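Overview (structure and organization)
Chain residues, written in single-letter form:
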Amino acid sequence: MKISRVDHFDDTAFGAWHAAAREGVGAGRFDPPLFSAAQSAVAFRAADGPYDYEIYGAFVDGRIVGTVRLELPKHDNLNLADIEIAVVPAHRRQGIGTALFAHIEARVAELGRTSLFGVVNQPIGADEVPGVGFATRCGLTRRNIEMRRALDLPVADELLDRLEAKAAEKIGDYRLVTWTGPCPDEHAEQYAHLKSLLMSEAPVGDMDYEAEVWDVARLRADEKKAADQGRDILTVIAVAPDGVIAGHTQIGVSREGEHRAFQWDTLVLPEHRGHRLGLALKVANQRALQAGYPKHTSIETWNAVQNGPMVSVNLELGFREVERYEEWQRG
Ligand SMILES: CC(C)(COP(=O)(O)OP(=O)(O)OC[C@H]1O[C@@H](n2cnc3c(N)ncnc32)[C@H](O)[C@@H]1OP(=O)(O)O)[C@@H](O)C(=O)NCCC(=O)NCCS
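The name given to the protein in an unreviewed UniProt entry is GNAT superfamily N-acetyltransferase, with the source organism recorded as Phytomonospora endophytica.

Take a look at the structure:
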């Protein structure tokens, strides 16, 4: 077995690596939400993206049987290295994961990063997955748990009407504004600021993670990445009477191919909470999704389990649990 870095700009090498990574990361999970090779290539190759990427393969007889994806934040969290290690099922429990971890641990130290972060996906109702024992053995500890939930589409109009009426009881003079695609220039600066707050305003448990640094350039790079991946971003913002953006929600939706949409950020600023804006935003975006993308059959979302207000909105909409997304960290 030999471990080598893989050139993610080489389509053939990248395709082989991606197929092995998909097999390893997706094994035993329900319909895992994984990027296609083309979508991953867009993210990994974007020069203006917020992360640098390195990828590695464990080769046996010229075939990749284990993979590492190393993601290195560029604008914030400069001590952090986000790693995804996977071994295809037929080659597990032979020390390949351990060898990949040792390789990447050395590389991360060489890069001067001191905190390792990784995710273990635990399907609901399944036996404990190997990632738990593996991450523990690598010295990481479980810092936060998010729940992945799915909702079949369409949500009945009667339910959306009822939830909208419930939100209207408290929404007062806030106004909702909806768009598809890039954020209008008039809102871009405020909106980039809102994006920067998600990781400090949403509960992250015991994870050591700094506030993200966003500006309009990062917002535009993020929008370009989604467009290059064939995705539309559906956004709703809540605007306070004084013109301040009080909250927002986003759904990422593929224009073709995948018939599953993804809930991205939802955030209401602390001083604007208590007006049912979270519910109002989500119902409005749900309607936009169903009106614009009638072939889509589901939407998925991730929330920290301790995020009571967001979880209760999602339960009202009918989301059901699929798997735990456990965030593990060392340092
Ligand atoms: C986790 C994973 C990478 C392990 O790969 P692997 O090549 O089988 O790992 P190793 O053979 O090097 O195992 C190293 C240690 O991890 C632990 N471990 C691995 N599989 C385990 C399992 N099924 N149950 C309990 N502990 C396990 C053990 O301590 C093991 O040491 P041991 O074999 O001496 O008991 C692999 O199962 C996988 O790809 N899982 C899906 C993706 C994932 O969860 N990645 C980890 C998060 S970044």
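**Quick look at the overall build of the protein**
Along the backbone of the protein there are nine helices and 12 strands. Against the globule reference of 20 Å for 331 residues, the protein gives a C-alpha radius of gyration of 20 Å, in line with a compact fold. Dimensions of the protein, computed from C-alpha atoms along their principal axes, come out at roughly 65 × 40 × 35 Å. Among the 331 residues that make up the protein, the fraction classed as buried is 52%. Of the contacts formed within the protein by residues at least 6 apart in sequence, a portion of 74% connects residues at least 24 apart. As presented, the protein carries roughly 15,100 Å² of accessible surface, and 52% of it is formed by carbon and sulfur atoms. The protein carries 37 positive and 49 negative side-chain charges, and their two centres are separated by 4 Å.

**Looking at the site of the ligand**
The full set close to the ligand counts 18 residues, and Val87, Arg93, Gly97, Thr98 and Arg137 are the nearest of them. Within the backbone of Gly95, one N or O atom sits 2.9 Å away from an oxygen atom of the ligand. Here Arg137 contributes a side-chain N or O atom positioned 2.6 Å from an oxygen atom of the ligand. Out of a free accessible area of 910 Å², the ligand has 77% covered by protein chains. Within the residue set of the shell around the ligand, elements represented by two or more residues are strand S4 (80–87), helix H3 (96–110) and helix H4 (130–137). The greatest single-element share of the shell around the ligand, amounting to five residues, is contributed by H4. Among the residues making up the shell around the ligand, the classes are represented as eight nonpolar, seven polar and three charged.

**A word on the packing of helix H1 (residues 11–26) against helix H2 (residues 37–45)**
Where H1 contacts H2, the two axes come as close as 10 Å, and the packing angle between them is 115°. Classified by the interaxial angle, the pair formed by H1 and H2 is roughly perpendicular. For the crossing formed where H1 meets H2, the hand is right-handed. Contact with H1, carried on its side by Asp11, Phe14, Trp17 and His18, involves Ala37, Ser40, Ala41, Phe44 and Arg45 of H2 and no other residues of that element.

**Topic: the packing of aromatic side chains**
Using the criterion set out here, one finds seven aromatic pairs in the structure. Look at Phe14 and Trp17: their rings are 5.8 Å apart centre to centre, the planes differ by 20°, and that puts the pair in the stacked class. Of this pair, Phe14 and Trp17 both sit in helix H1, separated by three residues, roughly a single helical turn. Exposure class is identical for Phe14 and Trp17. Each is buried. Its guanidinium or amino end placed over the ring of Phe14, Arg45 lies 5.6 Å from that ring's centre, counting from NZ or CZ.

What counts and how
- Residues numbered from 1 in each chain as written.
- Predicted model: local features only at pLDDT ≥ 70, side-chain atom pairs only at ≥ 80, totals over all residues.
- Heavy atoms only, no water.
- Helix = DSSP H or I, 4+ residues; strand = E, 2+ residues; numbered from the N terminus.
- Rg over C-alpha atoms; globule rule 2.2 N^0.38 Å.
- Buried < 20%, exposed > 50% of the residue type's maximum accessible area, 1.4 Å probe, protein only.
- Contact = heavy atoms within 4.5 Å.
- Areas by Shrake-Rupley, 256 points an atom, 1.4 Å probe, with all protein chains shown as cover.
- Lys, Arg positive; Asp, Glu negative; His and termini not counted.
- Charge placed at Lys NZ, Arg CZ, Asp CG, Glu CD.
- Near = heavy atom within 4 Å.
- Polar contact = N/O pair within 3.5 Å; in protein donor to acceptor, adjacent residues only side chain to side chain.
- Nonpolar A, V, L, I, M, F, W, Y, C, P; charged D, E, K, R; others polar.
- Axes fitted to C-alpha atoms, helices over the stretch in contact; angles between N-to-C directions.
- Parallel < 35°, antiparallel > 145°, perpendicular 65-115°, else oblique.
- Left-handed = near helix turned anticlockwise from the far one by under 90°.
- Phe/Tyr/Trp six-rings, centres within 6.5 Å; stacked < 30°, edge-to-face > 60°.
- Lys NZ or Arg CZ within 6 Å of the ring centre and 35° of its normal.

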